[in-house]
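Here is what each chain is made of, one letter per residue.
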Amino acid sequence: MIIPHDQLSPDALEGLIEEYVTRDGTDYGAEEISLAERIVQVKRLLVSGEAVILFSEGKGACNIVSSSLLE
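Calculation rules
- Residues numbered from 1 in each chain as written.
- Predicted model: local features only at pLDDT ≥ 70, side-chain atom pairs only at ≥ 80, totals over all residues.
- Heavy atoms only, no water.
- Pairing = 2+ DSSP bridges.
- Helix = DSSP H or I, 4+ residues; strand = E, 2+ residues; numbered from the N terminus.
- Contact = heavy atoms within 4.5 Å.
- Axes fitted to C-alpha atoms, helices over the stretch in contact; angles between N-to-C directions.
- Expected span 1.5 Å × (residues − 1).
- Buried < 20%, exposed > 50% of the residue type's maximum accessible area, 1.4 Å probe, protein only.
- Arc of directions from axis to C-beta.
- Core = buried A, V, L, I, M, F, W, Y, C linked by side-chain atoms within 4.5 Å.
- Polar contact = N/O pair within 3.5 Å; in protein donor to acceptor, adjacent residues only side chain to side chain.

A. Highlighting the sheet that holds strand S3 (residues 61-66). With antiparallel pairing, the three strands of this open sheet are ordered in space as S1-S2-S3. With one partner strand each, in any of the chains shown, strand S1 (2-3) and S3 form the two edges of the open sheet. Inspection of the sheet shows S1 paired to strand S2 (residues 51-56) by two bridges, in the antiparallel sense. By the bridge assignment, Ile3 is partnered in S2 with Ile53. Where helix H1 (residues 10-21) meets the sheet, its contacts fall on S2 and S3, and the angle it forms with S3 comes to roughly 70°. Strand contacts of helix H2 (residues 35-48): S2 and S3, with the helix running at about 90° to S2, the strand carrying the most contacts.

B. Quick peek at the pairing of S2. Where S2 meets S3, six bridges bridge the pair, whose relative direction is antiparallel. Its bridge partner lying in S3, Val52 is registered against Val65. Here S2 folds back onto S3, and the loop between the two strands holds four residues, one of which, Gly60, carries a positive phi near 65°.

C. Up close: H1. Over its twelve residues, H1 extends 16 Å from the first C-alpha to the last, a length consistent with the 16 Å expected when each residue adds 1.5 Å. Buried residues of H1: Leu13, Leu16, Ile17 and Val21, and no others. For H1, the buried positions fall inside an angular range of 125° around the axis, keeping them on one side. Elements that come into contact with the buried residues of H1 comprise H2, S2 and S3.

D. How the structure looks around the nonpolar core. Counting residues in each nonpolar core, the largest one holds eleven residues, listed as Ile3, Leu13, Leu16, Ile17, Val21, Ile39, Val42, Leu46, Ala51, Ile53 and Ile64. Of all the elements in the fold, those that place two or more residues in this core are H1, H2 and S2. Broken down by element, this core gets its largest block of residues, four residues, from H1. Among all residues touching Leu16, those that are not within four sequence positions of it are Leu8, Ile53, Cys62 and Ile64.

E. Region of the structure containing the side chain of Arg38. Tracing the backbone shows Arg38 in helix H2. In terms of polar contacts, Arg38 uses its side chain to reach the backbone carbonyl oxygen of Ile33, at 3.4 Å.

Pasting the structure below:
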């Protein structure tokens, strides 16, 4: 199920994005990007619709994915 980003409280959204960008295996290339900038980048993707928040009822977990993966 897709959860609209604007349905989360600002703190919950920030926490979800922070958890997402700090997961093992996230790689931002050769150039180091600050945590704050990575959070801003993901927020932009959510606002623009390029990314969405998916909630898995079976797993009880949220993930942020590219909206192009849902097409």
